[in-house]
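Observations on the model geometry
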Amino acid sequence: MSFDGFSNEGLAKSISLTISSLKQSYTADEISPIDVVTAIIEELKSHRDDGIWTYRVPPEELRSRATTLQNHPSPEQLPLWGIPFSVKDCIDIAGLPTSAGCPEFAYTAERTNPVVQKLLDAGAMLIGKTNLDQFATGLVGIRTGYDRPHNAFDANYIPGGSSSGAALSVALGLVSFAVGTDTGGSGRVPAGFNNIVGLKPTRGVLSTAHTVEACKTLDCLSIFSLTARDAQTVFDIVKGVNAKGGNKKGSNLSHPFSRPVEKPTARRAGYQQGQSFCFGVPQPRQRAFFGNAGAKENYEEAIKALEQLGGTSVEIDYRPFLEANELLFNGPWVAERYASVGAFVEKHSADVFPITREIILSAKERTAVEAFEGFYSVERLKHSTQPLWEEIDFLVVPTTGTIYRIEEVEADPLRLNANLGYYTNFVNLLDLCAIALPNGFQTNGLPTGITFIAPPHSESYLVDIGAAFHPARCRQLGATAFKL
């Protein structure tokens, strides 16, 4: 297969970068890793000022990496051989800059996050580091010190954040998958806004060592991909606490909030298409779409699609989840953001995005008493919601109730950002895992998303359900020309 026409057609129109498709093409000797990086290098020329990237691996280094992989004696031993990926720029990679979306904060990392190291060891090809809401604070994706990114389908709309660049790199067909983060929805909101999959694993099963932390006790690494199965492929490779802590000395490192992977409960051990299941939905009066009738209609269609797959919907009381939401940005957990980068923000306030600065510095008003009261509230909410998981297999919510134009967010940044977290903020506080999936398009051409949420260590079950649901609601892969 020849790729001489990439400069005219564009990569997203010429080759599907799903992991499964690339592996199939590699096995058939139709393409090589050098072909793929050559095509990506050409395609990136048209994405210079789109706000996706904060750092791109130089072309000569990409070609060198591809050549090394191509000459590997046993490529079959590398499960991600020749698969291109990107990394959110609050995650360290030794020798590369980490900026967290703030150029003045940038430093050269000395060590590599263990998850990224596992990906490199598995044969994946790093294309670059991606833009984000500064210090991973926000769900809009445009609060950055770099070029402002925009939605993959309409430049007037936000891309979602904080992992905006990571999601866009996947949606536009520039990489096969991306590593992002998710504290309050950052690995799900941009997936929903750009028609891709966002897997937010159980807190702690992907190491957050060597990252610029938002909330150390809550942070998760997340996975963006074009399909649910691709997300599972990556997750299975990187999960676990004893990852190689890539640094110049090669020592093994861990993280105090890492935890071992456990087997799921028996009722969530697996799903086969046609098998019955029970899913929860918020009561109609508790559903918020903020005036977006199209998002409401698509959510109702998603419920019908799940019922056609064998599911039974159960209306649940969403109030405890809303109460947990309030704790993340309106409660003491904002103090964790100050603990991470507060000293820098204090010293370099003029270099920090105004709303980000306001949020982080507001932590100074919090007290230790409030922090303990917050912990008590979380444990109470976990206890009160525990019986729900004996009644349902998973909870189904819109990824967001709506989407906003960039100008709308600029005019009312705090309130609209809070609206975007209506269905996302509680998940890590209550120690749950989730997967965000495409859920069809509105009449204005913008995608909507759906999110499945379950108790910890239920990732494989959610992926199974998601893989069955995805083609029933949306066959287009991201913003590319390819379909499921």
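Residues numbered from 1 in each chain as written. Predicted model: local features only at pLDDT ≥ 70, side-chain atom pairs only at ≥ 80, totals over all residues. Heavy atoms only, no water.

In this section: the overall build of the chain. The helix and strand inventory of the chain stands at 19 helices and 13 strands. By the compact-globule yardstick of 23 Å for 484 residues, the chain fits well, its C-alpha radius of gyration being 21 Å. With respect to the three principal axes, the spread of C-alpha positions in the chain is 55 × 55 × 45 Å. Of all 484 residues assigned to the chain, the portion counted as buried reaches 61%. For the chain, long-range pairs separated by at least 24 residues make up 76% of all intrachain contacts whose partners lie at least 6 apart in sequence. Carbon and sulfur atoms make up 49% of the accessible area of the chain, which amounts to about 18200 Å² in all. (Helix = DSSP H or I, 4+ residues; strand = E, 2+ residues; numbered from the N terminus. Rg over C-alpha atoms; globule rule 2.2 N^0.38 Å. Buried < 20%, exposed > 50% of the residue type's maximum accessible area, 1.4 Å probe, protein only. Contact = heavy atoms within 4.5 Å. Areas by Shrake-Rupley, 256 points an atom, 1.4 Å probe, with all protein chains shown as cover.)

Turning our attention to the confidence of the model for the chain. Mean pLDDT over the chain: 93, with 95% of residues reaching 70 or higher. Across residues 1-9 the pLDDT falls below 50, and counting only partners more than four positions away or on other chains, this stretch makes 13 contacts in the model. Across residues 243-253, where pLDDT falls below 50, the model places 24 contacts with residues more than four positions away in sequence or in other chains. (pLDDT = per-residue confidence, 0-100.)

The next point concerns the nonpolar core. Side chains of nonpolar character tend, in soluble globular proteins, to be buried together. Counting 103 residues, the largest nonpolar core has Leu119, Phe135, Phe177, Leu306, Phe394 and Phe452 as its most contacted members. Excluding residues that lie within four positions of it along the chain, leucine 306 makes contacts with Phe277, Phe279, Gly311, Phe394, Val396, Phe452, Ile465 and Phe469. Judged by nonpolar contacts, the second largest core, of 27 residues, contains Ala288, Ile316, Trp333 and Leu395. (Core = buried A, V, L, I, M, F, W, Y, C linked by side-chain atoms within 4.5 Å.)

To continue, consider the pairing of strand E12 (residues 433-441). Among the nine residues that make up E12, eight are buried, leaving the element largely enclosed by the rest of the structure. Judged from the three bridges that link them, strand E7 (residues 197-200) and E12 form a sheet pairing that is antiparallel. Bridging from a neighbouring strand, leucine 199 pairs with isoleucine 435 of E12. Where E12 lies against strand E13 (residues 447-454), seven bridges are found, and the strand directions are antiparallel. Across the sheet, residue alanine 436 finds its bridge partner in E13, namely threonine 451. (Pairing = 2+ DSSP bridges.)

Bringing helix H19 (residues 459-473) into the picture now. Within an α-helix, residues lying three or four positions from one another point in the same direction, as the helix has 3.6 residues per turn. Over its 15 residues, H19 extends 20 Å from the first C-alpha to the last, a length consistent with the 21 Å expected when each residue adds 1.5 Å. Its axis deflected by about 25° at alanine 467, H19 carries its strongest bend there, up to four residues before the proline proline 471. In terms of burial, H19 is a largely internal element, 11 of the 15 residues being buried. Taken as a whole, H19 has its buried residues at Glu459, Tyr461, Leu462, Val463, Asp464, Ile465, Gly466, Ala468, Phe469, His470 and Arg473. (Expected span 1.5 Å × (residues − 1). Bend = angle between axes of the 7 residues up to and from the residue.)

To continue, consider the sheet that holds strand E11 (residues 394-398). Read from one edge of the open sheet, 11 strands run E1-E5-E2-E6-E8-E7-E12-E13-E11-E9-E10, paired in mixed fashion. The sheet is open, and its two borders are formed by strand E1 (53-56) and strand E10 (311-316), each paired with just one other strand. Strand-to-strand twist of the sheet, defined as the mean angle between neighbouring strand axes without regard to direction, takes the value 30°. Bridge analysis of strand E2 (residues 84-88) against strand E6 (residues 177-182) gives three bridges, and the strand direction is parallel. Counted as the bridge partner of valine 87 is valine 179 from E6. The strands touched by helix H9 (residues 228-238) within the sheet are E6, E7, strand E8 (220-225) and E12, with E8 carrying the most contacts at an inclination of about 140°. (Axes fitted to C-alpha atoms, helices over the stretch in contact; angles between N-to-C directions.)

The next subject is the pattern of salt bridges. Tallying each qualifying case throughout the model produces 16 salt bridges. Ionic pairing is found between arginine 188 and aspartate 182, a salt bridge with its closest N-O pair at 2.8 Å. Using a relative accessible area of 0% as the deciding quantity, one classes arginine 188 as buried. In this structure, lysine 304 engages glutamate 301 in a salt bridge whose closest nitrogen and oxygen atoms are separated by 3.5 Å. Here lysine 304 and its partner glutamate 301 are both found in helix H10 (residues 293-308), three residues apart, which amounts to about one turn of the helix. (Salt bridge = Lys/Arg side-chain N within 4 Å of Asp/Glu carboxyl O.)

Below, the discussion takes up the environment of alanine 288. Structurally, alanine 288 is set in the loop between strand E9 (277-282) and H10. Residue alanine 288 is classed as buried on the basis of its relative accessible area of 14%. Sequence spacing of alanine 288 and leucine 381 is 93 residues, and the spatial spacing of their C-alpha atoms is 21 Å. Among all residues touching alanine 288, those that are not within four sequence positions of it are Gly401, Tyr422 and Tyr423.

Applying the stated rule across the entire model yields 24 aromatic pairs. Aromatic side chains phenylalanine 105 and tyrosine 107 sit 5.9 Å apart centroid to centroid with 80° between the ring planes, which places their arrangement in the edge-to-face category. A relative accessible area of 29% means that tyrosine 107 is categorised as partly exposed. Following the ring pairs from residue to residue traces out a cluster consisting of Tyr271, Phe277, Phe279, Phe394, Phe452, Tyr461 and Phe469. (Phe/Tyr/Trp six-rings, centres within 6.5 Å; stacked < 30°, edge-to-face > 60°.)

What follows concerns H10. The end-to-end C-alpha separation of H10 is 23 Å, in line with the 22 Å expected for 16 residues at 1.5 Å each. Among the residues making up H10, those that are buried are Ala295, Asn298, Tyr299, Ala302, Ile303, Ala305 and Leu306. Buried positions in H10, seen along its axis, are confined to an arc of 160° and lie on one side of it. Seen from the buried face of H10, the exposed residues on the opposite side, beyond 90 degrees, are Ala293 and Gln308. (Arc of directions from axis to C-beta.)

To continue, consider unusual backbone geometry. Geometrically, the link from glycine 161 to serine 162 is a cis peptide bond, its omega value of 5° lying close to zero. Mapped onto the elements of the fold, serine 162 is located in the loop between strand E5 (125-130) and helix H7 (164-171). Notably, aspartate 29 is not glycine yet its phi reads approximately 55°, a positive angle. Take aspartate 29: it is sitting in the loop between helix H3 (19-27) and helix H4 (33-44).

Next up on the list: the layout of surface pockets. The volume enclosed by the largest pocket comes to roughly 450 Å³. Lining the largest pocket are 21 residues, with Phe329, Asn330, Leu414, Asn417 and Ala418 positioned closest to its centre. Those elements that provide at least two residues to the lining of the largest pocket are helix H11 (319-330), helix H13 (354-361) and helix H17 (413-420). In terms of residue count, the dominant contributor to the lining of the largest pocket is H11 (five residues). Its residues placed into classes, the lining of the largest pocket shows nine nonpolar, seven polar and five charged. Counted as a void, the second largest pocket has a volume near 260 Å³. Elements with a minimum of two residues in the lining of the second largest pocket: helix H14 (368-385) and helix H15 (388-391). For the lining of the second largest pocket, the per-class residue count stands at six nonpolar, five polar and eight charged. (1 Å grid on protein atoms, 1.4 Å probe; cavity = no way out; pocket = protein on both sides within 12 Å on 5 of 7 lines; lining within 4 Å. Points joined across faces, edges and corners; volume = space filled by probe spheres on them. Nonpolar A, V, L, I, M, F, W, Y, C, P; charged D, E, K, R; others polar.)

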